[in-house]
Amino acid sequence: IRNGMAVSADQEHSMLHRKPRILVVGSFVMDVIATTEQIPGAGQTVYGKSFHMAPGGKGANQALQCARLGAEVTMVGCVGDDLFGQQLLEPLREAGMDVSHVVVRKGIHSGVGHVVLEVTEHSAQNRIVVIPGANRTLTVEEVAWIQQAVSGFDMARWAREAGVPVILNPAPATELDDELLSLVSYLIPNEQEASQETHLPLRFDKSGPWDEDLRNIADTLQGKGVEHVIITLGSYGSAVAETGGPRYVPCVHMEHVADPTAAGDSFVGALSTALAVGLPEDAALTFASHTAAITVSRLGAMPSLPTLPEVLELIRTRSGAGLELSCLDALR
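What you see as residue numbers is a count from 1 along each chain, following the sequence as written. Note on the predicted model: pLDDT of at least 70 is required for a residue's local features to be given, and 80 or more for side-chain atom pairs to be given and counted; whole-chain, interface and lining totals, by contrast, use all residues. The side-chain values count all of the structure's non-hydrogen atoms but skip hydrogen atoms and water molecules.

Trainee: Run through the nonpolar core, naming residues and quoting values.
Mentor: Ranked by internal contacts, the top residues of the largest apolar core, which has 31 residues, are Ile230, Phe267, Leu271, Leu279, Phe287 and Leu328. Helix numbers and strand numbers start at the N terminus; a helix is a DSSP run of H or I with at least 4 residues, a strand a run of E with at least 2. Those elements giving two or more residues to this core turn out to be helix 9 (263–276), helix 10 (281–296) and helix 11 (308–317). Sort the elements by how many residues they give to this core and helix 10 lands first, with eight residues. Counting residues in hydrophobic clusters, the runner-up holds 21 residues, among them Ile22, Met30, Ala60 and Ala63. Nonpolar cores were defined as sets of buried Ala, Val, Leu, Ile, Met, Phe, Trp, Tyr and Cys residues, with membership established by side-chain atoms within 4.5 Å. Burial classes: relative accessible area under 20% of the type maximum marks a residue as buried, over 50% as exposed, and values in between as partly exposed (1.4 Å probe, protein chains only).

Trainee: Tell me about the packing of aromatic side chains, and name the residues and values.
Mentor: Between two aromatic rings, the relevant description is the distance of the centres plus the angle of the planes. When the centres of two rings from Phe, Tyr and Trp lie within 6.5 Å, Trp using its six-membered ring, the rings pair. Their planes under 30 degrees apart give stacked, over 60 give edge-to-face, and anything left gives tilted. Counted by the stated rule, this structure contains one aromatic pair. Between Phe204 and Tyr236, the ring centres sit 5.6 Å apart and the planes meet at 40 degrees, which makes this aromatic pair tilted. In this pair, Phe204 sits in strand 10 (residues 204–205) while Tyr236 sits in the loop between strand 12 (228–232) and strand 13 (238–240), placing the two residues 32 residues apart along the sequence. With a relative accessible area of 32%, Phe204 lands in the partly exposed category. Given a relative accessible area of 33%, Tyr236 falls into the partly exposed group.

Trainee: Any details on the environment of Ile315? Residues and values, ideally.
Mentor: Locating Ile315 in the fold gives a position in helix 11. By relative accessible area, which is 2% here, Ile315 ends up buried. Residues Ile315 and His290, spaced 25 residues apart in sequence, show a C-alpha to C-alpha distance of 6.6 Å.

Trainee: Please set out the sheet that holds strand 12 residue by residue, giving values where relevant.
Mentor: Strand order in this open sheet of five strands is 8-9-12-13-14, and the pairing throughout is mixed. Two strands lie at the open edges of the sheet, namely strand 8 (167–168) and strand 14 (247–249), each paired on one side alone. Pairing between strands is defined by DSSP: at least two bridges between them are needed. Note that strand 8 and strand 9 (residues 186–187) share two bridges and pair parallel. Looking at strand 9, one finds that Ile167 is bridged to Tyr186. By definition, residues are in contact when any of their heavy atoms lie within 4.5 Å. All axes here are fitted lines through C-alpha atoms, helices being fitted over the stretch that makes contact, and every angle between N-to-C directions spans 0 to 180 degrees. Across the sheet, helix 9 is in contact with strand 8, strand 9, strand 12 and strand 13; its angle to strand 12 comes to roughly 145 degrees.

Trainee: Help me get a handle on the sheet that holds strand 5 (residues 102–105), residues and values and all.
Mentor: Strand order in the open sheet formed by three strands is 1-4-5, and the pairing between neighbours is parallel. Of all strands in the sheet, those with a lone pairing partner are strand 1 (21–25) and strand 5, marking the two edges. Strand-to-strand twist in this sheet, taken as the mean axis angle between neighbours without regard to direction, amounts to 15 degrees. Contacting strand 1 and strand 4 (72–80), helix 2 (residues 58–68) crosses the sheet at an angle of about 155 degrees to strand 4.

Trainee: An account of the pattern of salt bridges is requested, with residue identities and associated values reported.
Mentor: One speaks of a salt bridge when a side-chain nitrogen belonging to Lys or Arg is within 4 Å of a carboxyl oxygen belonging to Asp or Glu. All chains considered together, the criterion is met by twelve salt bridges. A salt bridge links Glu242 to Arg247, with the nearest nitrogen and oxygen atoms 2.6 Å apart. A relative accessible area of 36% means that Glu242 is categorised as partly exposed. Overall, the relative accessible area of 21% leaves Arg247 in the partly exposed class. Notably, a salt bridge pairs Asp329 with Arg332, separated by 3.2 Å at the nearest N-O pair. In the salt-bridge network here, residues are joined through shared partners; they are Glu242, Arg247, Glu281 and Asp282.

Trainee: Help me get a handle on the confidence of the model for the chain, residues and values and all.
Mentor: Interpretation of this model should avoid reading the predicted coordinates in detail wherever pLDDT is low. Think of pLDDT as the predictor's per-residue confidence, scored from 0 to 100. Here the chain averages 89 in pLDDT, while 91% of its residues score no lower than 70. Below a pLDDT of 50 lies the segment residues 1–15, which in the model reaches seven contacts outside its immediate sequence neighbourhood of four places, other chains included.

Trainee: I'd like a description of the pairing of strand 1, backed by residues and values.
Mentor: Side chains Ile22 and Val24 of strand 1 all project onto a buried face; the interleaved residues Arg21, Leu23 and Val25 project onto a face where none is buried. With five bridges joining them, strand 1 and strand 4 adopt parallel strand pairing. Note that in strand 4 the partner of Leu23 across the bridge is Thr74.

Trainee: Describe the side chain of Asp259, and please don't skip the residues or the numbers.
Mentor: Along the chain, Asp259 falls in the loop between strand 14 and helix 9. We note that Asp259 is buried and unpaired, the nearest opposite charge coming from Arg127 at a distance of 11 Å. Within the structure, Asp259 has its side chain in polar contact with the side chain of Thr261 (distance 2.7 Å). Every residue in contact with Asp259, bar those within four places of it in the chain, is listed here: Leu117, Ala124, Asn126, Thr295, Val296, Arg298, Leu299 and Gly300. Asp and Glu are treated as the negative residues and Lys and Arg as the positive ones, with His and the ends of the chain left uncounted. N or O atoms within 3.5 Å of each other form a polar contact, as long as, within protein, one can give a hydrogen and the other can take it, and as long as residues adjacent in sequence are counted only when both atoms are side-chain atoms.

Here it is in structure tokens:
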């Protein structure tokens, strides 16, 4: 029995081995990237090393990562009727994604991210200012078609009441309504977002984040009804909230770190895809960590997102070589 309906063995096999269908509602942002060896202070001017542009945006990055890993993805969002809008949609179309529900807004510029990338011999750190542009103009009426598929009141409830997991990446950091949080299956903030959302500190020492702080943040979020809380921690990996305290998933370190932009998006997209095909949570987190590792080794947002064969090859050559990933056959 599945969802109250009797299915045959052949039907069950088909359900378990079909590509997951993932809907992403989120932003499009064209990243304008200046690379420098030194971030300027107030009133200071410094020379940069390079300049380039790359398509991105939290939602679009996550959606494209899902598609590059083999999922069937529908993207919902809004771009302007400008050159950036065309360039932002191009990688999604090339990946075979459904972008028919992306609104092209006349007279409004597309979202832009001003990225300053500080690159030293051993690290790369980014500082980003996002100008949302067309992203902020998407209306409820323009996404009402979703209600026909899953029914309900607001978008999170549409999915929740239809039995579809809701994964929320609250970025940039913002205050979230308690009712919205109660509808979330997986909340995946980074350390700053987790702290701001709960108004609780998240302190670090040489060994990493404080367990007590992570526990307090997780307890607060789960007290608001969130089922699963996973906090991404940059070079410290990620932490899964559990009753006995946080469980850490280590970062997969690469020889060269080129750009951390979109690392979190890559992680969320990969985790969503892995969970959607039925991979157990531990294996899905390992898969997501390896996916994000490849992303930080490359420059730019969308251009850095890896494909499924690339991720599987990295897993094969690292400690996760013995991981049971047969569920991922549905993505091939």
